[in-house]
Amino acid sequence: MKKIFLLYLLTFGFVNAVKSQSPKDIVGAYNLRGGLHFVKPDHTFVIIAYATLMTGTWELQDKGLVYFVPNYEKNRFTLYGRHNKNIADSTKILLSYGFYEDETLLHFGPLKNPVPEFKRIFKPGHRHISFPYVYTKNGNSAEVSFTYFPYSYEEERTKTPEIYTFINNQKFNDFIGYYHEVKEDFKPFYYKYQNGKLFYDKENYSEKRNLESETQAIETDFRYLIENSNPTFSPKKIFSTPLYNSFEVSDEDLVLNFKFNAQKNAWLNILNDKNDEELAEDNDYHKVNIIFEYHKVENFSKKNSIIKIDETPIFISEYED
């Protein structure tokens, strides 16, 4: 598809007698394909569209073709953990957003040889299970493993799926896992630049606007993302409320507004925390009075293997498909 689109760009009518372009000609802001494109002089770009933020790098090639390469998380799974005294010798994991996008499976403990066994997380096609997807089991595990089958390739399913095994050296018992689906949007793509315009095809293009003024005109949160377009898809640590409301905070703001409580292994809001409010049945999802800090499990391995599947899913819908 990329080759066909590239051939179309080269032949749709404006390749002859085009003056030589330089990278500085391309730098600017564009409104194209329903998204704001910020093409920066350091050869990075940011695209902001409805429910989408894309970053990456770009380069000018021959005949005014501009090659865009999106950033994305290269590993399919990441895992974070913490020590939770409230669940004693049990293990808890939040299977965060992403696990229902493809066919995903889970195993706690060492994998069996020669055929590892995995438990299905969701029944394929189920969409009636409410977040958060929290699974609790007895005992602690030295290893946590995941594997997956992309839904779109179900008819050509590999017999040896890729397995990620995380080694729990820190002896965490409270986890948050992420599954990073490979999306069509992640594939590199081309535009064509000519005479102050960036073309997607012959009929769809955008006039170049001043990068600085367009950046200043956008709201503050997005402006920060544009000016700091080196994303960390899997940071060293993440923060969450007890009900798994993700919380983003800088180290400076954390120390300024929260105090660490070693007994709870949590950050408590200096002004608003109420004693043990996180244990109350009516605790509000949106409250950020107590924050849990999860650390990335760095030690993991990948391999491909045939597997055996426990077909009874961890999460079962109350509705028939």
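Rules of the game
- Residues numbered from 1 in each chain as written.
- Predicted model: local features only at pLDDT ≥ 70, side-chain atom pairs only at ≥ 80, totals over all residues.
- Heavy atoms only, no water.
- Buried < 20%, exposed > 50% of the residue type's maximum accessible area, 1.4 Å probe, protein only.
- Helix = DSSP H or I, 4+ residues; strand = E, 2+ residues; numbered from the N terminus.
- Pairing = 2+ DSSP bridges.
- Contact = heavy atoms within 4.5 Å.
- 1 Å grid on protein atoms, 1.4 Å probe; cavity = no way out; pocket = protein on both sides within 12 Å on 5 of 7 lines; lining within 4 Å.
- Points joined across faces, edges and corners; volume = space filled by probe spheres on them.
- Nonpolar A, V, L, I, M, F, W, Y, C, P; charged D, E, K, R; others polar.
- Polar contact = N/O pair within 3.5 Å; in protein donor to acceptor, adjacent residues only side chain to side chain.

**Thoughts on the pairing of strand 8 (residues 103-108)**
Counting buried positions along strand 8 gives six out of six residues, so the element sits mostly inside the fold. On strand 8, burial covers both faces: Glu-103, Leu-105 and His-107 on one face and Thr-104, Leu-106 and Phe-108 on the other are all buried. Sheet analysis places strand 8 next to strand 11 (residues 143-149), joined by six bridges and oriented antiparallel. Paired with Phe-108 across the strands is Val-144, a residue of strand 11. For strand 8 and strand 9 (residues 117-120), the ladder comprises two bridges, and the chain directions are antiparallel. Opposite Leu-106, over in strand 9, you have Lys-119 as the bridge partner.

**As for the side chain of Arg-76**
Along the chain, Arg-76 turns up in the loop between strand 5 (65-70) and strand 6 (77-82). Apart from the residues within four sequence positions on either side, Arg-76 is in contact with Asp-102, Tyr-148, Glu-162, Tyr-164, Tyr-178, Tyr-179, His-180, Glu-181 and Val-182.

**Details of the layout of surface pockets**
Its volume calculated, the largest pocket comes out at about 2100 Å³. Along the wall of the largest pocket there are 48 residues; nearest its centre are Thr-232, Phe-233, Ser-234, Pro-235 and Glu-248. Of all the secondary-structure elements, those providing two or more residues to the lining of the largest pocket are strand 4 (52-60), strand 6, strand 13 (174-179), helix 4 (220-227), strand 17 (237-240), strand 18 (246-247) and helix 5 (251-257). Split by residue class, the lining of the largest pocket holds 23 nonpolar, 16 polar and nine charged.

**Comments concerning the environment of Tyr-190**
Take Tyr-190: it is sitting in strand 14 (residues 189-194). Given the relative accessible area of 9%, Tyr-190 is considered buried. Taking C-alpha positions, Tyr-190 is 5.6 Å from Val-66, a pair spaced 124 residues apart along the chain. There is a polar contact of 3.2 Å between the side chain of Tyr-190 and the side chain of Gln-61.

**Comments concerning unusual backbone geometry**
Cis geometry is found at the peptide bond from Asn-113 to Pro-114, where omega equals 5 degrees. For Pro-114, the position within the fold is in the loop between strand 8 and strand 9. With an omega of 5 degrees, the peptide bond running from Phe-131 to Pro-132 counts as cis. Structurally, the position occupied by Pro-132 is in the loop between strand 9 and strand 10 (134-138). Positive phi is not limited to glycine here, since His-43 has a value of about 65 degrees. Here Ala-88, not a glycine, exhibits a phi torsion of approximately 50 degrees, which is positive. Among the structural elements, Ala-88 can be located in the loop between strand 6 and strand 7 (90-95). By relative accessible area, which is 53% here, Ala-88 ends up exposed.

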